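# Close look at the chain arrangement
Residue strings, one per chain:
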Amino acid sequence: MSETQIISYEPATGAELWRGAVGDVDDAVARARAAWPQWAAQPLANRIELLRRFANEVRKVQDDFAALIARETGKPLWESRTEVEAVIAKVEISVRAYAERTGQRKLDSALQGTAALRHKPHGVMAVLGPYNFPAHLPNGHIIPALIAGNAVVLKPSEKTPATGEMLVACFHRAGVPQDVVQFLLGGPEEGKALVAHDGVDGVLFTGSAQVGIAINRKLASNPGKIVALEMGGNNPIVVWNTPLVQDAATLIVQSAFTTAGQRCTAARRLIINSAMYEPVLEEVKRLTDRMIIGAPFDEPQPFMGPVIDSDTADQLTESFLYLISHGGKAIRHMRRPQGDLPFLTPGIIDTTGALDRPDVELFGPLLQVVRVDDFDQAIAEANNTRFGLSASLVGGTPQEYNRLWANIRAGIVNWNRPTNGASSAAPFGGVGLSGNHRPAAFYAADYCAYPVASTEMEQPRASVGVGFS
Ligand code: NAD
Ligand code: SIN
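Source: prediction; values computed, not measured.

To continue, consider the site of ligand 2. Around ligand 2 lies a shell formed by Asn132, Phe133, Leu137, Arg263, Cys264, Thr265, Asn420, Gly421, Ala422 and Phe428. Take threonine 265: an N or O atom from its side chain is 2.9 Å from an oxygen atom of ligand 2. A distance of 2.8 Å separates an oxygen atom of ligand 2 from a polar backbone atom of glycine 421. In the complex, 93% of the free accessible area of ligand 2, which totals 260 Å², lies under the protein chains. Taken together, the residues of the shell around ligand 2 sort by class into five nonpolar, four polar and one charged. Built from parts of two domains, the shell around ligand 2 gets at least three residues from each of domain 1 (5–231 + 435–455) and domain 2 (235–415).

Structure representation (structure tokens):
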């Protein structure tokens, strides 16, 4: 057992929540390798049954699980509850996805015999999780991987290990063997070691583009390893003509500030028709001024809690100041209302005339506003990013929505809906720096198994054709 400890602190109070010793990567991978053939050889129905039991185990501890997520991430309790519900719902969605995307199929046979398409698991999958959805997002890889017959080593974010531990404990209580799904405590070093490990057949990563790119680079000479990268975004919300100003403002606030802006699909850039600017921004300001920002268990419940830690809060306030010092105009200042604790008020800044608008993901409650005069300019501005995760149009005509849909580069394109809150029953992924074309959620089944095409006859029967004397 390593001497190095990882400590998890509650963002809302600064108190220590949990600690544990860093795990042994070689040992975890060796145990997973030894365990997976037997897991893969089980009938699919047995694996599904165990995962349904997992859903029941999560149900039994639903309140405690939500409370732990709330404490460890700082998310309000109401929101943490929705995360636990998503964990439970993932099982049935993934059972359906496995059958639809990667089940077995008889194909039209050749002259004789049969032709079949089946899928096989890769082996040992490393799942690397982020802190913003510390249960739901790793689980979105783990369940499809287990259904397909892989073993899994989960290395959760070093900022939310307690949630990762609780998730894995639910699998074990359900009867999934200890070595088939493992919790490995660690930080970036353990993440790197897992990615590079010869005993790992696949890397299922959810996190920042910076780390995703490092993983891609590391594995560039190893094309045999399956790599799914779910990364961030610099997502646009385009507001065009609509008389429903309050609704538009609500959609903007929900898109930009839910989870204190710590969603990969959060709106980072509001691109707005100049004619709508005054009324919509007035309403956005009114709403953000009414927003309750507080600790996860406060009553009344807050809309948003703190960001994950003080370093993150410092970086976000620095980014806000950078934008101001480069020509941005503050609409609402980003403030830290509770001393050293990482609570932030939503920052809103008009960067229309800014000298520099770095195309980076600012993962927190910070919204940039850009005014435009025509719809082509709006689309061009929305596409003015290397990322391509989510985008929304608020208002506009069906024709304008069709134009935006056809021309925008993003994996999630919504109309009169927020940029976030994606459905687990749909594929979830982006283009550009947002992913590597291996979408998760409903399409996670695709990267958890590989297709094997076979033509088959019970006896060897063959006759020579053309070219023999
Ligand atoms: P992160 O990239 O810092 O860390 C993610 C995981 O990778 C952690 O477990 C971390 O320990 C590990 N890691 C760090 N360096 C590593 C390395 N060099 N090699 C291997 N593993 C390494 O991300 P985060 O800050 O925890 O999460 C926030 C980010 O996640 C945001 O960018 C957000 O947009 C993104 N995210 C994406 C999605 C999606 O589905 N597209 C969903 C949620 C969050
Ligand atoms: C996320 O995974 O960070 C957000 C998912 C969503 O709300 O769309």
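A few words on the pattern of salt bridges. What the rule picks out here adds up to 25 salt bridges. Glutamate 57 is paired through a salt bridge with arginine 173; the nearest N and O atoms lie 3.5 Å apart. With glutamate 57 in helix α2 (residues 44–60) and arginine 173 in helix α6 (residues 161–174), this pair connects stretches of sequence that are 116 residues apart. A salt bridge links lysine 159 to aspartate 309, with the shortest nitrogen-to-oxygen separation between them at 3.6 Å. In this pair, lysine 159 sits in the loop between β6 (151–155) and α6 while aspartate 309 sits in the loop between α10 (274–290) and α11 (310–325), placing the two residues 150 residues apart along the sequence. Here lysine 159 falls in the partly exposed class, since its relative accessible area comes to 29%. A single network of salt bridges, built from pairs that share partners, joins Asp27, Arg31 and Asp179.

Moving on to the pairing of strand β9 (residues 226–230). In terms of burial, β9 is largely enclosed, as five of its five residues are buried. Neither face of β9 is exposed, since Ile226, Ala228 and Glu230 on one face and Val227 and Leu229 on the opposite face are all buried. Both strand β8 (residues 202–206) and β9 contribute to a ladder of five bridges, which runs parallel. Along β9, the bridge assignment pairs valine 203 with valine 227.

This part takes up the sheet that holds strand β10 (residues 235–239). Spatially, the seven strands line up as an open sheet ordered β12-β13-β14-β11-β10-β16-β17, and their pairing is mixed. Strand pairing shows two members of the sheet lacking a second neighbour, β12 (329–332) and β17 (412–415), which therefore form its edges. Each neighbouring strand pair of the sheet contributes to a mean axis angle of 20°, computed without reference to strand direction. Packing against the sheet, helix α12 (residues 375–382) makes contact with β10, β11 (267–273), β14 (366–372) and β16 (390–394), and its axis sits at approximately 170° to β11.

About the criteria used
- Residues numbered from 1 in each chain as written.
- Chains lettered and ligands numbered in written order.
- Predicted model: local features only at pLDDT ≥ 70, side-chain atom pairs only at ≥ 80, totals over all residues.
- Heavy atoms only, no water.
- Near = heavy atom within 4 Å.
- Polar contact = N/O pair within 3.5 Å; in protein donor to acceptor, adjacent residues only side chain to side chain.
- Areas by Shrake-Rupley, 256 points an atom, 1.4 Å probe, with all protein chains shown as cover.
- Nonpolar A, V, L, I, M, F, W, Y, C, P; charged D, E, K, R; others polar.
- Domains from an automatic or database assignment.
- Salt bridge = Lys/Arg side-chain N within 4 Å of Asp/Glu carboxyl O.
- Helix = DSSP H or I, 4+ residues; strand = E, 2+ residues; numbered from the N terminus.
- Buried < 20%, exposed > 50% of the residue type's maximum accessible area, 1.4 Å probe, protein only.
- Pairing = 2+ DSSP bridges.
- Axes fitted to C-alpha atoms, helices over the stretch in contact; angles between N-to-C directions.
- Contact = heavy atoms within 4.5 Å.

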